[in-house]
Amino acid sequence: MTDAVSILNGVSPAWFLIAAGLLAWASPRSELRKALMMLGPIGALAAWFATGETGVYGVLDLGPVVLETFRLDGLSRVWALVFILISFINAVYALHERNRMTDGAALIYAGSAVGAVFAGDMLTLFFFWELTALASAPLIFAVGTPEAQRAGLRYLAIQVLSGVMLLGGAAMWASQTGSWAFDAIGTGSWAGIILMLAIGLKAGFPLLHMWIPDAYPKATGVGSVVLSAFTTKLAIYALARGFAGEDALIVIGLVMAIFPVFYVITSNDLRQTLAYALINQLGFMVVAIGVGGHLGINGAAANAFAGVIYMALMFMVLGAVLLRTGTVKATELGGLYKSMPITTLFAIIGALSVMGAPLFSGFVAKTLILSAAHHEHHDLAYTLLVYASAGVMEISALKVVWFAFFGKDRGLRVKEAPQTMHLGMALAAFLCVFLGVNYPALYGVLPFDMDYKPYKLASVYGQSQLLLGTMLVFGLALYFKLFPLKSDRTILDADWLYRRFGDASARWGAAMGQLLFDAIGKVLGAFISFVRLRLFNLFSPAGALSKEFPSGMMALWTAIMLAGVVLVAYFSPV
Amino acid sequence: MTAPRDSKAGMHPLARPLSGLSSPRAGLIALIVIAVLVVGGFALETVLSDGGLSKYPEVYGAYELLPLAAAAVAILLGWGLVWLISRPGDFYSRAAGDVTEGQDD
């Protein structure tokens, strides 16, 4: 067995996932597709374990450019592992689905994300970066509604734009440094700034974040699980690789962590609520990368690892709710624990992880980031992250659990989720608890060695107080009917800039252009008519030039003109 | 087809022992329990801690209280936000003119 695995040494796990995805796409038999969806991640995991030594594998020498398709180091290793794990969990979760497009796309998407984190150069990164965009869009298109089609197109446009910016920035970077290697970049040059913006577009930087709450709620039930796992976390990896220790990231991350609070509170779509909570979670990681240092990067990696799993679990729960009830609107749900108690249990486990309750994975991951900020004397950042934690993470988790499963009983009596969905959720829930209790397992895969103990009395006590206090505030708001939730409303976000303002501007510009064109046409027409009329008046048989002039008058005018010419010639210098 | 509210008909067998959870009284009891735990927690900390409300040498005061107040303010501000920037559900699809009246969106 060991020998069988060792032949995979140096083979990128990404190829297993991509190959399985392509085969699944080509396969008309759902049983075969499901087998491939399980075997792809298992093969990838075997390759991940087989390549024990860090180093660069899969080198392609193309003359002027050398591509490194498989760079294994502490940073890429942890991201690849969680991507492979979640692709397997999703395969289990999606066993009930019979959709050729999404089955294949999910695997190729996972494989391209793994390929991107293993990329040692920017051209390889660009290839997989764009492949994640192309492979993930079908997860939204598969819904088939006009709304999903439009959301999918918007999503695809933004993802491709990010790739184009990445390539442009990489080309500038290569021309400046003479290297395509993907390592520390920094923001000291225009190339670095463009690269950071390209990555920030995928990471959900403020004002560039709008595609997340736009696209995730419109994907299929399985699609939103997959979408939540890869694209944004890949961008976080790229930031950790290229921009660790950049102070600007602390400010950007704090804004990302705080501003979603209002959207988490007011959004009626529970998947959109989770999408905003995801931005908050990404903000924590961006702050950690900005803080830098071993503790900061470990904090970002731990949060990415734990966050991929617990956010996927929450999206899985809502996928099950969507499958059974046909809606994830908070105002249309309630009392589902009566008919979906097992799913409710998984929702509670996921929520406790999101909230960072002690003994759950969110706690051991989030504490690292708070400690990194505290350790590096970013006290304001530390304080604001505590606020953001209470305001966004905890309220979002409470909101999903309360409005879907408890709250006002809407009389929905539906079947429990399929057992395969339960199995997928159970795997994710197990990891949430396992990593929270057995935290050395999580810390052991982080990029840097450290001796950190999350379960100190002060941190457990403080976090418990924060958690209970937020529950009290949330409960009081519900009890006194102060929670601002309205059905059938759209809460405007930055996407208004292009979906409404941009669209209206383009339409207004087109209308103005048409008016201008018409006006110019009218003026030109009037001028041409005027000239034509004047010429007609001059040259027509009845025109001025056709009249007969007296010969004496003509002789007089000729003499005057001749005198003028003579005078000019006389006074002109020789 | 919906079942009568607070009825055990159609309930999952595993949920039947918990059917009382949806009553208003259960919610109130849960709220009171949480409130007692919160107040008790801060009281215990005040009594036990040497330097007043401090957990870390560098961080003083019941700093968890402020985020709670902030969360409460954020929830209340949500009403203003809803009033200010919420639009009808079909705001984008209809306003952009890419969906005609009567077309399913």
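Procedures and definitions
- Residues numbered from 1 in each chain as written.
- Chains lettered and ligands numbered in written order.
- Predicted model: local features only at pLDDT ≥ 70, side-chain atom pairs only at ≥ 80, totals over all residues.
- Heavy atoms only, no water.
- Helix = DSSP H or I, 4+ residues; strand = E, 2+ residues; numbered from the N terminus.
- Buried < 20%, exposed > 50% of the residue type's maximum accessible area, 1.4 Å probe, protein only.
- Contact = heavy atoms within 4.5 Å.
- Areas by Shrake-Rupley, 256 points an atom, 1.4 Å probe, with all protein chains shown as cover.
- Core = buried A, V, L, I, M, F, W, Y, C linked by side-chain atoms within 4.5 Å.
- Domains from an automatic or database assignment.
- Phe/Tyr/Trp six-rings, centres within 6.5 Å; stacked < 30°, edge-to-face > 60°.
- Lys NZ or Arg CZ within 6 Å of the ring centre and 35° of its normal.
- Patch = residues over 30% accessible without salt bridge, like charges linked within 9 Å, V, L, I, M, F, W, Y side chains within 5 Å.
- Salt bridge = Lys/Arg side-chain N within 4 Å of Asp/Glu carboxyl O.
- Expected span 1.5 Å × (residues − 1).
- 1 Å grid on protein atoms, 1.4 Å probe; cavity = no way out; pocket = protein on both sides within 12 Å on 5 of 7 lines; lining within 4 Å.
- Points joined across faces, edges and corners; volume = space filled by probe spheres on them.
- Nonpolar A, V, L, I, M, F, W, Y, C, P; charged D, E, K, R; others polar.
- Axes fitted to C-alpha atoms, helices over the stretch in contact; angles between N-to-C directions.
- Parallel < 35°, antiparallel > 145°, perpendicular 65-115°, else oblique.
- Left-handed = near helix turned anticlockwise from the far one by under 90°.
- Buried area = accessible area lost by both parts, 1.4 Å probe.
- Polar contact = N/O pair within 3.5 Å; in protein donor to acceptor, adjacent residues only side chain to side chain.
- Pairing = 2+ DSSP bridges.
- pLDDT = per-residue confidence, 0-100.

Undergrad: Any chance you could explain the overall build of chain B here in plain terms?
TA: Scanning chain B for helices and strands turns up 3 helices and 1 strand. What you see in chain B, going N to C, is helices and strands ordered as α-α-β-α. A total of 105 residues make up chain B; the buried ones form 32% of that total. The long-range fraction of contacts in chain B, counting pairs at least 24 apart against all pairs at least 6 apart in sequence, stands at 0%. If you sum the accessible surface of chain B, you get close to 6500 Å²; carbon and sulfur atoms cover 68% of it.

Undergrad: Hey, could you run me through unusual backbone geometry in this one?
TA: Where the residue is not glycine, phi is negative for most of them; where a peptide bond is considered, it is trans in most cases. Residues and elements named next belong to chain A. Even without glycine at this site, Leu-207 takes up a positive phi of about 75°. Position of Leu-207 among the secondary structure elements: in the loop between α9 (190–203) and α10 (211–215). A relative accessible area of 57% places Leu-207 in the exposed class. Of note, Lys-481 is a non-glycine position whose phi angle comes to about 55°, a positive value.

Undergrad: Would you mind going over the nonpolar core with me for this structure?
TA: The nonpolar side chains of a soluble globular protein tend to be buried, and buried together. Ranked by size, the top nonpolar core spans 198 residues in total, and within it Trp-79, Leu-239, Met-425 and Phe-483 of chain A carry the most contacts. Among the elements that line this core, the one with the most residues is helix α16 (residues 293–325) of chain A, at 20 residues. Residues from two domains meet in this core; each of domain 1 (1–158 + 177–185) and domain 2 (244–485) of chain A gives at least three. Contact partners of Phe-483 of chain A, with chain neighbours within four places excluded, come to Ile-265, Ile-395, Lys-399, Phe-403, Phe-474, Ala-477 and Leu-478 of chain A together with Ile-75 and Trp-79 of chain B.

Undergrad: I would appreciate a short explanation of the packing of aromatic side chains in the present structure.
TA: Where two aromatic rings form a pair, the distance of their centres and the angle of their planes describe that pair. Residue and element names in this part refer to chain A. As enumerated under the stated definition, the model contains 26 aromatic pairs over all chains in all. For the ring pair Trp-402 and Phe-406, a centre distance of 6.4 Å and an interplane angle of 25° mean the geometry is stacked. Following the ring pairs from residue to residue traces out a cluster consisting of Phe-363, Tyr-439, Tyr-443, Tyr-452 and Tyr-455. Geometry around Tyr-452 places Lys-456 over its ring, the cationic atom sitting 4.6 Å from the centre.

Undergrad: Looking at this structure, I do not really get the environment of Tyr-479 of chain A. What am I missing?
TA: By the secondary structure assignment, Tyr-479 of chain A is in helix α22 (residues 457–479). If sequence neighbours within four positions are ignored, Tyr-479 of chain A has contacts with Leu-28 and Leu-31 of chain B.

Undergrad: Teacher, can you tell me more about a nonpolar patch on the surface here?
TA: Residues and elements named next belong to chain A. Side chains of Leu-516, Ile-520, Leu-524, Phe-527, Ile-528, Phe-530, Val-531, Leu-535, Leu-538, Phe-539 and Leu-545 sit close together on the surface and give an oily, nonpolar patch of about 1100 Å² of accessible area. Locating Leu-535 in the fold gives a position in helix α23 (residues 496–539). With relative accessibility at 43%, the residue Leu-535 sits in the partly exposed group.

Undergrad: Sorry if this is basic, but what is going on with helix α8 (residues 146–177) of chain A here?
TA: Because an α-helix completes one turn every 3.6 residues, residues spaced three or four positions apart along the sequence face the same direction. With 32 residues, α8 of chain A extends 46 Å between its outermost C-alpha atoms, agreeing within 8% with the 46 Å of an ideal straight helix rising 1.5 Å per residue. Once α8 of chain A ends, the next one or two residues include Gly-178 of chain A, with phi positive near 80°.

Undergrad: Sorry if this is basic, but what is going on with empty space enclosed by the protein here?
TA: Rolled over the atoms, a probe as big as a water molecule pinpoints where empty space is left. Residue and element names in this part refer to chain A. With the rule as written, the count across this model stands at 1 cavity of 30 Å³ or more. The space that makes up the largest cavity amounts to roughly 40 Å³. Forming the boundary of the largest cavity are Met-37, Ser-87, Asn-90, Ala-91, Ala-106, Leu-107, Ala-110, Val-226 and Phe-230. Considering only residue class, the lining of the largest cavity consists of 7 nonpolar, 2 polar and no charged.

Undergrad: Mind showing me how you'd approach the packing of helix α19 (residues 379–405) of chain A against α22 of chain A here?
TA: When two helices pack together, their arrangement is given by the angle between their axes and by how far apart the axes lie. All names here are of chain A. Between α19 and α22, the least distance of the axes is 10 Å, while the angle of their chain directions is 55°. Comparing the axis directions of α19 and α22 gives the class oblique. Helix-helix and strand crossings are classified by hand; for α19 and α22 the assignment is right-handed. Counting all contacts with α19, which are made through Val-386, Ser-389, Ala-390, Glu-394, Ile-395, Leu-398, Lys-399, Trp-402 and Phe-403, the residues of α22 involved are Gln-463, Leu-466, Leu-467, Thr-470, Met-471, Phe-474 and Leu-478. For the contact of α19 with α22, a count of residues per class yields 11 nonpolar, 3 polar and 2 charged.

Undergrad: Which parts of the structure should I look at to understand the interface of chain B and chain A?
TA: When the parts come together, some accessible area is lost, and that loss is often what is quoted as the size of the interface. Of the residues lining the interface, 62 residues belong to chain B; the matching set on chain A comes to 59 residues. Carbon and sulfur atoms supply 69% of the area that chain B and chain A bury against each other, a total of about 5300 Å² over both sides. One can count 0 salt bridges joining chain B with chain A. Between the two partners, chain B and chain A, sit 11 residue pairs in polar contact (both at pLDDT 80 or more). Secondary structure elements with two or more residues in the side of chain B that touches chain A: α1 (24–48), α2 (65–85), β1 (86–88) and α3 (91–95) of chain B. With 15 residues, α2 of chain B is the largest single contributor of residues to the side of chain B that touches chain A. Residues that form the side of chain B that touches chain A fall into these classes: 39 nonpolar, 12 polar and 11 charged.

Undergrad: When you look at the pairing of strand β2 (residues 66–72) of chain A in this model, what are you seeing that I'm missing?
TA: Both faces of the sheet carry side chains from a regular strand, because those side chains alternate between them. All names here are of chain A. Burial analysis of β2 places 5 of its 7 residues in the buried class, the great majority of the element. Pairing of strand β1 (residues 55–61) with β2 involves 6 bridges; the strand directions are antiparallel. Bridged to Asp-61 within β2 is Val-66. Taken together, β1 and the strand that follows it, β2, pair antiparallel across an intervening segment of 4 residues, in which Gly-63 is found at a positive phi of about 85°.

Undergrad: Please explain the environment of Met-554 of chain A as it appears in this structure.
TA: Assignment of secondary structure puts Met-554 of chain A in helix α24 (residues 551–571). Sequence-wise, Met-554 of chain A and Gly-163 of chain A are 391 residues apart; in three dimensions their C-alpha atoms are separated by 79 Å.

Undergrad: How should I be thinking about the domain arrangement of chain A in this particular structure?
TA: The domain boundaries assigned to chain A delineate domain 1 (1–158 + 177–185), domain 2 (244–485) and domain 3 (501–571). Using only C-alpha atoms to locate each centre, domain 2 of chain A and domain 3 of chain A end up separated by 76 Å.

Undergrad: What exactly am I supposed to notice about the confidence of the model for chain B here?
TA: Low pLDDT marks regions whose predicted coordinates should not be analysed in detail. All names here are of chain B. On average, residues of chain B score 73 in pLDDT, and 66% of them are at 70 or above. Ranking the helices and strands of chain B by mean pLDDT puts α2 first, with 86, and α3 last, with 74. Confidence drops under a pLDDT of 50 for residues 100–105, and excluding neighbours within four residues, the segment shows 10 contacts in the predicted structure.

Undergrad: Looking at this structure, I do not really get the side chain of Thr-490 of chain A. What am I missing?
TA: Relative to the helices and strands, Thr-490 of chain A is located in strand β3 (residues 489–491). Polar side-chain contacts of Thr-490 of chain A include one of 3.2 Å to the backbone oxygen of Pro-88 of chain B. Polar contacts involving the side chain of Thr-490 of chain A include one to the main-chain carbonyl oxygen of Gly-89 of chain B, which spans 3.0 Å. Leave out the neighbours within four places in its chain, and Thr-490 of chain A touches Ile-85, Ser-86, Arg-87, Pro-88, Gly-89, Asp-90, Phe-91 and Tyr-92 of chain B.

Undergrad: Before we go on, may I ask you to explain the pattern of salt bridges in this structure?
TA: Here the idea is simple: oppositely charged side chains can pair when their charged atoms come close. All names here are of chain A. The final tally for this structure, using the stated rule, is 10 salt bridges over all chains. Between Asp-73 and Arg-241 there is a salt bridge, with its nearest N and O atoms 2.8 Å apart. With Asp-73 in the loop between β2 and α4 (74–93) and Arg-241 in helix α12 (residues 231–242), this residue pair connects regions lying 168 residues apart in the sequence. For the pair formed by Asp-73 and Arg-241, the shared burial category is buried. Note that Arg-413 is salt-bridged to Asp-409, the shortest N-O span being 2.9 Å. Note on accessibility: Arg-413 and Asp-409 belong to one class, buried. Where salt bridges share partners, they join Arg-33, Lys-34 and Asp-103 into one cluster.

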